[in-house]
Each structure stands twice: as structure tokens, then as C-alpha cells.
Amino acid sequence: MSSPSSKSECSIGGLRCAAVSDVGMRRSSNQDSLAVSLAEGTYQWKSHGHLFMVADGMGAHAAGELASKLATDTVPHCYHKRTEVTPSEAIVDAVREANQVIYNKGSNSVDFQGMGTTCSCLLVLPQGALAAHVGDSRIYRLRGNCFEQLTFDHSMVWEMAAAGHASEDEIPAYVPKNVITRSLGPHPTVSVDVEGPFSVQTGDRFLLCSDGLTGPLKPELIGAVVGSLPLSDAAQTLIDLANLLGGPDNITTIVVEIDEAGKLGLAAPPKEKELPPRRSSRRKAIHPICWVTMTISAVLCGAMLAGQHYGGAFLAAAAFLVAAVVAWTQRDANTSPCKQNSSGGLHGKAPYRRHDCQPGPASIATLGDIVRQLEDLEGQNSWDVDWPTIRRDREAAHEAISQGNYQEAVIAYCSAVRRLMQALRESRRPTSDSTVDLT
């Protein structure tokens, strides 16, 4: 899905999601793309679950738009075909296949040479949630008021911070923040990071987004909006806030909610073929030495008992038990609970950042400043805005703040933001009129 602006919602078996992609205020085309690929039936749910994906294209002219579209077309298709391997193996194969497709397209055309795209994928599986990514588009998990970044930015700033054991805020300002160190397309091969699987609980929310969102907005404010609003309102409000703060880049958000963890996958047809066994779940054969040792020990034990040599019989019985324990351990060597329940094993080092996103004075101040500055434009622009309703939203926010109810204040301010941006979109004013200066 790559267009100036697009919006969608879906719901299936214990899960809901809302997605919005917007061109922003400074770009003429939308080089972001997204994909939502829900499991079609019980078989596919148990095998590979649901897939959500954001891609942020890079390249001159239409190259970036093509690169991100090729990624979001290729990855879901290839991923769901690879049913004979684990989801972690399948998603890595799919991303690498997309890289090859983009690389070949760029190599065969002067116009598309060097094009690339980020790629961030979230898998919601029976085993939990798995993330696979290349680039600096991010995936977050919100649980309660804890907003966790599950992906590592493949950017110059983050790589330098990691190498120097520092935070990205400590990197000198002259280092460009928008330079990424890894993407799909420019090279024939690519390294794919896999994180998880992470547990999922009822009420968990996941956010996938391009850097058009995380550039203008701080994680604490993003998390407060995601946690306070209904899914569709949250996805749209994040887009609107980024645009009101300048909208320098394309912006894409997908918000996924675990509505009821116990019902995940239950919307699929109940009768389908059973899953084929995983290659990694096959048990090892017991070594022949164990069989020989147990057989000889049993024969010796019987002979010793017949000859009333009880000490020797005891030793033979002990040898039999030791061989049996070794055989049992060997038989289950690669069927540990971790392997069985973790989509092929634990991956990565996430979360890489944790943010307390409980609504409070800081997040409220940012939202309040945005609404106040836009209200100051009343009478200066020909926007068809319902200003009395905007003022009521602002008054409701002030009342909530006076009572210490910051979440209600976030809800009221965000309502005003959406109304203002809707009026701006309908008025088709020049993009420079939309920027709010909070510096």
C-alpha cells in the first residue's frame, strides 16, 4: 500500500489493528508502504500467524516508492509459502528474497539503481510476538505504561552509540540522524535482525512506524497517545501530531492490539489439515552403545542374582540405570521447552529502550502547546473549523488536568488535534501554514 494517504482497520480472532500512511507536509509522494497479512484459517495461524509490516523507501524519483512496494508485496507472499520451516527462518528468508528482488530491479535500471527500503515486520504467533527488521523503522510494545522499543535502529547514530557505549543523545549534533547503515536493495545480500519471541497478553499494544513519526515525536508522547486512545484514533492522531510538528517526511503507523489473548486464531475455520512436523522438533536416535550397555547390564544382573552374587547384581543394576538415564536425556536433547515454545529459539537482545509513557505534565504540555498555537490562528486562515468544539475539547483537558486525570486530558487534546488537522486537510492550505513552532 503506497499512496499519498491511506487508512485501514481490521479485526480477527482476539486481535485488532489500525493502519495509516500519510505523505506528510513536505514531500510530494509517499515512499512509505505497509502490509497487513492475516492468517487464513487455523492451519496458517498455527504455522505462521499474522504478519504486519512497514517499509520506508529511499531513492530518487519513484525509486523509493517502488522499493518499499516491492518489499511489502514480496515479504508476505514468500513468508506464508515457507511452511516447512519455523517462522523465524521463514521471515528471514522472505526478507532476503525481497532484498534480492529490489537489488535485481535496481541493477537492471539506471533510474532505480541504488534504491532501497527499510523493513520492519511483526509476527503475532501462537508462541508470542516475533520482530524482524532492517533499517530504522521501529517496532514498540506497550504494556501498561511501559513502552518498549523492540528493534535496534540500523542508523549511524545508533551504531556509534553502541560502539561507544553511549546514548544517541550523547552523539555530536553534526552526525546526521537520518543516515541508515542497513537497508534492503543496495547490496545483493542483507543481514536481518530477529528479536523475540515476546510474550503477549490481553491489552498489549504493538506499534510499527517509519521514522517520519519518531523524528518529530518523543517516545513518551507516542506511548501516551497509543495507550490512551482507541486504535484508529491513536493511529490517526500520531500522524496528525507529526504533521503539525512539521511533517518533514512520510509517516506510517500500524497499531496492533491483543484484544483477547485466549481467542487469538479462533476466527479461523475449525477443521483443517494438521500441521506437518517441524524439522527442528525431530528427536535424536538413541546411541547404540546405550542399548548395548543396558542389554549387557540386564543379563549380568540376572546371572548374578541367580548365582546369589548380590554385590555384582547391584553394580549391574546401577550400570543399567545409568545407561537408561543417558538414553532418555539423549532422546529429548533437542525438545526443551524453550525450543518448543519460542519459534525456533530466543533471538536478539530487545528491548533496546524502555520509556515510562504514563500521561503526565510533560506530554500534556506538548499537546497543550500545539492546540493553543493552532487556536491562535483562528481568524487568520480560511479553515472551516468548528472552533467552539475545539475550545470545549481544550476546556475539558484543563478540567481533567485540574483533577490530576492526565489520561483524560490526553484524550481531550488529541480530539482537538484531529479536528484541526481534518479541517487543514479539507482546506488544502499550503503546507507551510501547518507547522507549529515549539522551539
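Computed from a predicted model, the values in this text were never measured in an experiment.

Parameters and conventions
- Residues numbered from 1 in each chain as written.
- Predicted model: local features only at pLDDT ≥ 70, side-chain atom pairs only at ≥ 80, totals over all residues.
- Heavy atoms only, no water.
- Pairing = 2+ DSSP bridges.
- Helix = DSSP H or I, 4+ residues; strand = E, 2+ residues; numbered from the N terminus.
- pLDDT = per-residue confidence, 0-100.
- Contact = heavy atoms within 4.5 Å.
- Expected span 1.5 Å × (residues − 1).
- Buried < 20%, exposed > 50% of the residue type's maximum accessible area, 1.4 Å probe, protein only.
- Salt bridge = Lys/Arg side-chain N within 4 Å of Asp/Glu carboxyl O.
- Axes fitted to C-alpha atoms, helices over the stretch in contact; angles between N-to-C directions.
- Phe/Tyr/Trp six-rings, centres within 6.5 Å; stacked < 30°, edge-to-face > 60°.
- Lys NZ or Arg CZ within 6 Å of the ring centre and 35° of its normal.
- Core = buried A, V, L, I, M, F, W, Y, C linked by side-chain atoms within 4.5 Å.

Draft legend 1. Representation of the pairing of strand E1 (residues 5-12). Bridge count for E1 against strand E2 (residues 15-22) is eight bridges, and the pairing is antiparallel. When the bridges of E2 are listed, Ser5 appears paired with Asp22. Here E1 folds back onto E2 in antiparallel fashion, the turn holding two residues, of which Gly13 has a positive phi close to 35°.

Draft legend 2. Region of interest: the confidence of the model for the protein chain. Per-residue pLDDT for the protein chain has a mean of 83; in total, 79% of the residues score no lower than 70. Taken as a whole, residues 329-345 scores under 50 in pLDDT and shows 34 contacts with residues more than four places along the chain or in a different chain. For residues 429-434, every residue scores under 50 in pLDDT, and the model assigns this stretch 14 contacts once sequence neighbours within four places are set aside.

Draft legend 3. Helix H3 (residues 87-107), seen in detail. For H3, built from 21 residues, the straight-helix expectation of 30 Å at 1.5 Å per residue is met to within 8% by its first-to-last C-alpha distance of 30 Å. Every buried residue belonging to H3 is among Pro87, Ser88, Ala90, Ile91, Val92, Ala94, Val95, Ala98, Asn99, Ile102 and Gly106, and all of these are buried.

Draft legend 4. Up close: the environment of Trp387. Within the secondary structure, Trp387 is located in helix H12 (residues 387-402). Separated by 29 residues in sequence, Trp387 and Ala416 have C-alpha atoms that sit 9.4 Å apart. The contacts of Trp387, once residues within four sequence positions are left out, are Leu374, Glu375, Glu378 and Leu420.

Draft legend 5. Spatial organisation of the pattern of salt bridges. Going through the model one piece at a time under the given rule, you end up with 16 salt bridges. Linking Arg16 and Asp259 is a salt bridge whose minimum nitrogen-to-oxygen distance equals 3.9 Å. Of this pair, Arg16 sits in strand E2 while Asp259 is found in the loop between strand E12 (251-258) and helix H8 (288-306), placing the two residues 243 residues apart along the sequence. Overall, Arg16 belongs to the partly exposed group, its relative accessible area being 30%.

Draft legend 6. Fine view of the sheet that holds strand E9 (residues 146-149). Here seven strands make up an open sheet; going across it, the order is E1-E2-E12-E11-E8-E9-E13 and the pairing antiparallel. A single partner strand is all that each edge strand has here, and the edge strands are E1 and strand E13 (353-356). Averaged over all pairs of adjacent strands, the angle between their axes in this sheet comes to 15°, without regard to strand direction. Both strand E8 (residues 138-143) and E9 contribute to a ladder of four bridges, which runs antiparallel. Among the inter-strand pairings, Leu142 is bridged to a residue of E9, identified as Phe147.

Draft legend 7. Expanded view of the packing of aromatic side chains. All chains considered together, the criterion is met by three aromatic pairs. For the pair Phe152 and Trp158, a centre-to-centre distance of 5.2 Å together with 85° between the ring planes defines the contact as edge-to-face. A relative accessible area of 4% places Trp158 in the buried class. Seen from their ring centres, Phe152 and Tyr352 are 5.5 Å apart, and the 70° between their planes marks the pair as edge-to-face. One end of the pair, Phe152, is in the loop between E9 and helix H4 (156-163); the other, Tyr352, is in the loop between helix H10 (337-341) and E13, with 200 residues separating them in the sequence. Classification of Tyr352 by relative accessible area gives partly exposed; the value is 21%. Stacked on the ring of Trp158, the Lys or Arg Arg353 has its end atom at 4.2 Å from the ring centre.

Draft legend 8. Geometry of the nonpolar core. Counting residues in hydrophobic clusters, the biggest one holds 49 residues, and the most contacted among them are Leu207, Leu213, Leu217, Ile222 and Leu238. Here the element with the most residues in this core is helix H13 (residues 406-427); it accounts for eleven residues. Ignoring anything within four residues of it in the chain, the contact list for Ile222 reads Phe147, Leu207, Leu213, Thr214, Leu217 and Leu238. Membership of the second largest hydrophobic core comes to 31 residues, among which are Ala35, Leu51, Cys121 and Leu130.

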